[in-house]
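# Coordinates in review
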Amino acid sequence: MDIPYLTSLVIFLPTAGALLTVFLRRASAIRWTALATTTLTFVLSIGLFVGFEPGLSTATAPQLADIWAGWLPEGFDVKYFVGIDGLSLLLVMLTTLLGPIVVLSSWTYIEEKQKGYYALLLLLQTGITGVFASFDLFLFYIFFELTLIPMYFIIGIWGGKERIYAAVKFVVYTLVGSLLMLVGILYLGYAAGAAVNNGVFTTDWYTLLEYNVPLATQGWLFAVFAFSFAIKVPLFPLHTWLPDAHVQAPTGGSVILAGVLLKMGTYGLLRFCLPLFPNVAQSYAGLFAVVAIIGIIYGALVARVQEDAKSLVAYSSISHLGFVVLGLFAFTTEAMQGAVIQMVNHGLSTGALFLLVGMLYERRHTRLMDDYGGLATSVPVLTTFMVISVLASAGLPGLNGFVGEFLILIGSFKSTVLGSPGLVALATTGVILAAVYLLHMVYRTFFGELTDAANAQMADMNAREFLLMAPLVVLMFVLGFFPNPFLQKTAPTTEFLLNTVEEKRTAVRDQASDRASPSARSGKVQEAPLDPGDLSVDPPGFTP
């Protein structure tokens, strides 16, 4: 699909739709405009998938790129730079796919202030898509922060009883981390500009990759970036905002939050933390693996004791995204491929679970599992969709969840960086625990004796609900049985990132050794091995 500025069109078409809804008065016109905008955006994004060539190198520039460098004065290499590579492609596709699904899920759920809701929903899609398509770090930060505003209002206005508390907590947690990241961006931009860009401040991702950040500087830069992204994932113990946000958000907000918003954290770790600060990233890989495994087990155990079905699914996200973080810090091809595909798999299966719990809530206005039971008799179609989604989330072979978790565990087991197969064995308990809490939820809600008259009279899924669920379930089977076409799209980029990490790690280490040991440069034999922790490397000048 040869359309000029296709990437930018996919990013900003939802914003155009949001502006259009502001001028509409009828609720039906607002809903249909939002649906038409998100559907058209998804259709256009298919052109990105079809037009992306895995065999074409993205080592120096992304494919389908749009660049505009004239929006800041001279002396700043900050530009509008968007494009697609193997890491961003599937996440952009997931974002555009969930757009019309979320609109359809809100069709009858949102009854008040529909103009504001759909406008914010469309603006949120622009922010998320922009995050995944940005190849300028400052532009990434703008989109990253842009997502806070609409999500705050979606939770705070259309959420549950504790919506204000949940919305404020969400913003405070995320804002603290992102402001620290901004400090890191400014320092890195000046340091890289002085070293590799003729003294010109730069946030171009490819230019930043050319700069070998000194060891003494890598530590605190990695810390501020990783802290910001760990909050967004969220990693234990920075996860406490997530259950509140999920439970209080409307169904559409929960789907967007779990489906793609959380992936901004894992995406940021892979896109920025690993290749820009490779030495420190590998040094702390074991720590991140331990924290990820704690999150896997903790999230699963807490999910098991929940009485609220939506809260259970929220804690399952903490557990499942722990697998993604484990795969990223294994530093193997299989694990990294599994982490990327698992981001998509989690968005499909957990998004589907939130949609189905939302359908139950619309019918009974309760999310407590004890208020249900025996629903398989009265709503067999909804039950079928729920069982498939639960099995996909639990990692049943033949469904999408199995592919990502299998690759992550295999790659982590082979990892020389983690160096502990015992940790990986411990992580596998998360798969077992996931089956326990998810199947327990299904049994309590859909099986057993049908005693409540309200449950016996519950209406099954209508055509609209069937239509919004069908694409997710189809993709669960497609990714489960035929993952290779999708893995082929991501493979070149993951291999490029791993090669970049190894090359930069070696270069920084050698550079530090040369600076710390003049005798090594003069050919003299060094009597004792060099301890990187004892290196004293002056950070680059920070001169605006």
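Structure: see above.
Predicted, not measured: the structure shown is a model, and the values here were computed from it. (Residues numbered from 1 in each chain as written. Predicted model: local features only at pLDDT ≥ 70, side-chain atom pairs only at ≥ 80, totals over all residues. Heavy atoms only, no water.)

## Section: the overall build of the protein chain
For the protein chain, the helix and strand inventory stands at 24 helices and four strands. Taken over C-alpha atoms, the radius of gyration comes to 24 Å for the protein chain, in line with the 24 Å a tight globule of 544 residues would show. Along the first, second and third principal axes, the C-alpha atoms of the protein chain reach 85 × 55 × 45 Å. Scored against the burial criterion, the 544 residues of the protein chain give a buried share of 60%. Surface summary for the protein chain: the accessible area is close to 20,300 Å², and the carbon and sulfur share equals 65%. In the protein chain, 27 positive and 34 negative side-chain charges are present, and the distance between their average locations comes to 7 Å. (Helix = DSSP H or I, 4+ residues; strand = E, 2+ residues; numbered from the N terminus. Rg over C-alpha atoms; globule rule 2.2 N^0.38 Å. Buried < 20%, exposed > 50% of the residue type's maximum accessible area, 1.4 Å probe, protein only. Areas by Shrake-Rupley, 256 points an atom, 1.4 Å probe, with all protein chains shown as cover. Lys, Arg positive; Asp, Glu negative; His and termini not counted. Charge placed at Lys NZ, Arg CZ, Asp CG, Glu CD.)

## Considerations on unusual backbone geometry
For the bond from Val233 to Pro234, the omega torsion is -5 degrees, close enough to zero to count as cis. Summarising the element assignment, Pro234 is placed in the loop between helix H9 (215-232) and helix H10 (241-248). Across the junction of Phe236 and Pro237, the peptide omega takes the value 5 degrees, indicating a cis bond.

## Some thoughts on helix H18 (residues 380-394)
The end-to-end C-alpha separation of H18 is 21 Å, in line with the 21 Å expected for 15 residues at 1.5 Å each. Within H18, burial applies to Leu382, Thr383, Phe385, Met386, Ile388, Ser389, Val390, Ala392, Ser393 and Ala394. Along its buried surface, H18 packs onto helix H15 (309-328), helix H16 (333-364), helix H17 (375-378), helix H19 (400-414), helix H20 (421-446) and helix H22 (463-481). Gly395 sits one or two positions beyond H18 and adopts a positive phi of about 85 degrees. (Expected span 1.5 Å × (residues − 1). Contact = heavy atoms within 4.5 Å.)

## As for a nonpolar patch on the surface
Taken together, Ile164, Val168, Val172, Val176, Leu180 and Phe227 make up a surface patch of nonpolar side chains, about 460 Å² in accessible area. With five residues, the single largest contributor to the nonpolar patch is helix H7 (residues 163-196). Within the element layout of this structure, Leu180 appears in helix H7. (Patch = residues over 30% accessible without salt bridge, like charges linked within 9 Å, V, L, I, M, F, W, Y side chains within 5 Å. Salt bridge = Lys/Arg side-chain N within 4 Å of Asp/Glu carboxyl O.)

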